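# Structural features, examined
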Amino acid sequence: MNFHDSERMIGILRDEGYNLTDNPDEADLIIFNTCSIREKAEQKFYSDLGRLRKLKKTNPGLKIGVGGCIAQQEGKRIFGRVPYVNLVLGPQNIESLPDLIGTEKSTSLEDRPDNSKTYIHPHRLDRIKAWVTIMYGCDNFCSYCVVPYTRGRERARPWKDIHREVKGLSEAGYKEITLLGQNVNSYGSGLEDGMDFTDLLYKIHSMDGIKRIRFITSHPKDLSKKLVRAMKELSKVCEHIHLPLQSGSDSVLYLMKRVYTYSDYKEKIELLRAEIPGIAITSDIITGFPGESEEDFEKTVKALKEINYDGIFAFKYSKRPNTSAVKLPYHMPDEVKAERLTRVLDIQDEITLRKNKELIGKEVGVLVEGKSKIGEDKMTGRTRTNKIVNFSGKTDLIGQEIKLRIIEARHHSLEGEI
């Protein structure tokens, strides 16, 4: 979502006469689009911002802006901490950017419940796949998560606006779209037409041009049989779902305010695999949540081994401002959280590598995205199950769906041949 927000900001700035540069020394304006979902991301941002002090001294005319969730969270306090920052704007106020550039110290952070109706033409940084926001904000208020406080309450974009954007992408030659929302499964809340997320998928599937449809993120509590049936029936919808578990312990899930049990979650995994053979499932895991006992943690380990994810994003719990988890008792030492995180990652690495090795010798469909980072003569693409495949090929294959035979498997990618 932050990546797409950056595309939107670039789109606005290009309309204002700005062009991108890879060299900060040439820049008239530098904007940090920030994330505050983890404490580490926040620390890294302030460290990177500190490195611009010298550049600001040599170029006093340089304007420095802070956008994204840290901007929304910290507001004007950023000016006190880093005096050479010129502007601060939250993720709900991107359209205010042109007004802020001409001022010396300015912010735009007000809650804007109507921004689901504001469309900004983004500057797409990819020519094959595109991100399409279908909703903003979140109403779940998980006890560890800062998103409802930085991105506001849930608002869905009207279908006609999404249709116009997807139609434009199709006409521009895009092959794949990813529908974005903090919880796409609850799309439709507040809309007058009664459309839900499954209805939206059917409508987009019927449009010409787009070959692949993906979506993130899904909340397990809202994953319905209707949606699973749609994923099975709609050939453009890719066989991959990101379904965050967070913990295998019911007591920890309760403290997290996740509103499901591990048994509920596992039933939905079994339904997905029964209806969509070969589907790839990825997840999020948090280690060291306040009050997580060794027994609770072992239940997460057991869940990893039972479910056999294709991959996970795993993090140590970190305190986030305004969240209710901050007030919970029994916060864990960092070394305990880190040790548990290492165990989780080691277990998942073994599972991921084993699942990837099972693909060796098999033929897979790959949408070619561009040049690979691993070699001059290599191209890269993704399977419908969202696995990265590198292979020897020419640039004229970019944008095409081709068949590759898998010849080698690694933890985070595959090697294929035409």
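Structure: above.
What counts, and at which threshold
- Residues numbered from 1 in each chain as written.
- Predicted model: local features only at pLDDT ≥ 70, side-chain atom pairs only at ≥ 80, totals over all residues.
- Heavy atoms only, no water.
- Core = buried A, V, L, I, M, F, W, Y, C linked by side-chain atoms within 4.5 Å.
- Buried < 20%, exposed > 50% of the residue type's maximum accessible area, 1.4 Å probe, protein only.
- Helix = DSSP H or I, 4+ residues; strand = E, 2+ residues; numbered from the N terminus.
- Pairing = 2+ DSSP bridges.
- Axes fitted to C-alpha atoms, helices over the stretch in contact; angles between N-to-C directions.
- Salt bridge = Lys/Arg side-chain N within 4 Å of Asp/Glu carboxyl O.
- Parallel < 35°, antiparallel > 145°, perpendicular 65-115°, else oblique.
- Left-handed = near helix turned anticlockwise from the far one by under 90°.
- Contact = heavy atoms within 4.5 Å.
- Nonpolar A, V, L, I, M, F, W, Y, C, P; charged D, E, K, R; others polar.

## Observations concerning the nonpolar core
The nonpolar side chains of soluble globular proteins are, as a tendency, buried together. Ranked by size, the top nonpolar core spans 67 residues in total, and within it L179, Y187, F197, L200 and L272 carry the most contacts. The element that contributes the greatest number of residues to this core is helix α13 (residues 294-307), accounting for five residues.

## Observations concerning the sheet that holds strand β12 (residues 311-316)
What the three strands build is an open sheet, ordered β10-β11-β12; its pairing is parallel. Whereas interior strands pair on both sides, the edge strands pair on one side only; in this sheet they are β10 (240-242) and β12. Averaged over all neighbouring strand pairs, the angle between strand axes comes to 10°, with direction disregarded. Note that strand β11 (residues 280-287) and β12 share six bridges and pair parallel. Counted as the bridge partner of T282 is G311 from β12.

## Brief notes about the pattern of salt bridges
Under the counting rule described, the total for this entry stands at 34 salt bridges. Two residues, R354 and E358, come together in a salt bridge whose shortest N-O distance is 3.7 Å. We classify E358 as partly exposed; its relative accessible area is 45%.

## What about the packing of helix α9 (residues 197-205) against helix α10 (residues 225-233)?
Relative orientation and spacing of two packed helices are given, respectively, by the angle between their axes and the distance between those axes. Relative to each other, α9 and α10 sit at 15°, their axes nearing to 9 Å. Overall, the two elements α9 and α10 adopt an arrangement that is roughly parallel. Relative to α10, the crossing made by α9 is left-handed. Along its contact with α9, which presents F197, T198, D199, L201 and Y202, the element α10 presents K226, L227, A230 and E233. Residue composition of the contact of α9 with α10, grouped by class: five nonpolar, one polar and three charged.

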